[in-house]
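Structural overview
Read off the chains here:
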Amino acid sequence: MAATQDYKFEGWMGLDKDAAKGNMKWQEFQPKPFEETDVDIEITHSGICGSDIHTISSGWGEAKYPVCVGHEIVGKAVRVGSKVERGIKVGDRVGVGAQNSSCLKPDCEECSAGIEQHCTGNVGTYNSVYPDGSKSYGGYATYHRAPSHFVFKIPDAIPSPEVKAAPMLCGGVTLYAPLSREGCGPGKKVGIIGVGGLGHFGILFAKALGADQVVGISRRNNKREDVMKLGADAYIATEDEPDWADKHARSLDLIISTVSSPKMPLMDYFKLLKTRGTFIQVGAPEDNLPATNAFAFIAKGVKFGGSMIGSPAEIEAMLALAAEKKVKPWINEYPMKEANQAILDFQEGKPRFRITLVN
């Protein structure tokens, strides 16, 4: 255990809504008080997630400025409490996803069931407040402090571990968790709507889980070649392919939707499901979803549900699968000092398919 702290917590801080326009400021911040269950991480890599932009722009509600975003964190453990979990030691390569804490009380229905991400005491990795009143600050920074229950060892077998692993800790598990939970595997035909930073993980993990057929679904044909290179078996371009919903009706057992536009053709998406198929929404819009019709569910007995990030157990299972199957997400690297330019490029849709900031 490292006995003292001789380093500063500094990071890119959003001070107001203009931060999302590339106006984050580099500042020192004060993390939560260190406890013996905590781990301090010297950050080497931090992925950029759409949630970061929704937060610093106050798109999901007024942010708790100043805020340091980033919840796809990988680095080296430099201070380890005496009561940490998972046998984490100083020097280990570790990661943190979108959740920093939950109540972990024995009488908590969610925590005791291993679905800590749904605990009402959920503390996000950034823009949240711990029970003691201290704030959580994210990974566009030099260091991160987190309770060890939500800190994970990165398997050595993941190719180029730091760069590849960081975006898995939110983006990756957001797709892996519902795919795994809803039975993606041999005998299943799976569709991924929106093949961007999130959706490309859907293609990769659906294939890793052994689905018989994986179909990428996007608006235009300009992503077809890349999606097929990711391993997809087929591609549907909803704005470039006439009568696509009727042509591919009743063809998919499971659909994971990463898109979040109030104008998305939701009723047509439902047509793609087989009888008793399942539609899971993971994209989180700032606006309402489109209106739908009960007969879209009743007629075929389909399920419409949602999923949020993943539990600690699901993150560990995802990392193990990624190591075993050599899952290789497509990553664009930017120096941490260029974080403001990186978030602008992210919003313009330039990356194929994720951005990771490198310290």
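Residues numbered from 1 in each chain as written. Predicted model: local features only at pLDDT ≥ 70, side-chain atom pairs only at ≥ 80, totals over all residues. Heavy atoms only, no water.

1. Topic: the domain arrangement of the chain
What counts, and what does not: Residue ranges for the domains originate in an automatic or database domain assignment. By definition, residues are in contact when any of their heavy atoms lie within 4.5 Å. Buried area: the sum, over both parts, of the accessible surface (1.4 Å probe) that disappears when the two are put together. Think of a salt bridge as a Lys or Arg side-chain nitrogen and an Asp or Glu carboxyl oxygen that are within 4 Å of each other.
Domain boundaries in the chain define domain 1 (10–169 + 311–358) and domain 2 (172–306). Distance from the C-alpha centre of domain 1 to the C-alpha centre of domain 2: 27 Å. In this complex, domain 1 contributes 22 residues to the contact, which on the side of domain 2 involves 23 residues. Three residues stand out in domain 1 for area buried against domain 2, namely E314, W330 and F353, and they jointly supply 31% of the buried area on that side. Here domain 1 is connected to domain 2 by two salt bridges. Salt-bridge contacts for R352 lead to D226; the nearest nitrogen and oxygen are separated by 3.1 Å.

2. What about the environment of S101?
Heads up, the condition is: By the criteria applied, helices consist of DSSP H or I runs no shorter than four residues and strands consist of E runs no shorter than two, each listed in order from the N terminus.
Mapped onto the secondary structure, S101 falls in strand β6 (residues 99–101). Along the sequence, S101 and Y130 sit 29 residues apart, while their C-alpha atoms lie 8.1 Å from each other. The contact partners of S101, leaving out residues within four places of it in the chain, are G121, N122, V123, Y130, P147 and F150.

3. Overview of the packing of aromatic side chains
The line we're drawing: Each Phe, Tyr or Trp ring, with Trp reduced to its six-membered ring, pairs with another whose centre is within 6.5 Å; inter-plane angles below 30 degrees give stacked pairs, above 60 give edge-to-face pairs, and intermediate values give tilted ones. When accessible area is computed with a 1.4 Å probe and restricted to protein chains, residues below 20% of their type maximum are described as buried, those above 50% as exposed, and intermediate ones as partly exposed. Two conditions define a charge sitting above a ring: the NZ of Lys or the CZ of Arg must be within 6 Å of the ring centre, and it must be within 35 degrees of the ring normal.
Tallying each qualifying case throughout the model produces 15 aromatic pairs. When the ring of F201 is compared with that of F205, the centres are 6.1 Å apart and the planes differ by 15 degrees; the resulting orientation is stacked. Here the residue F201 and the residue F205 both occupy positions in helix α5 (residues 199–208), the gap between them amounting to four residues, near one helical turn. Comparing F201 with F205 shows no difference in burial state: the two are buried. Within the aromatic cluster, the residues linked to one another by ring pairs are Y7, F9, F29, Y137 and Y143. The ring of Y130 has K32 sitting right over it, with the charged end atom 5.3 Å from the ring centre. It is R79 that lies over the ring of F34; its NZ or CZ is 3.7 Å from the centre.

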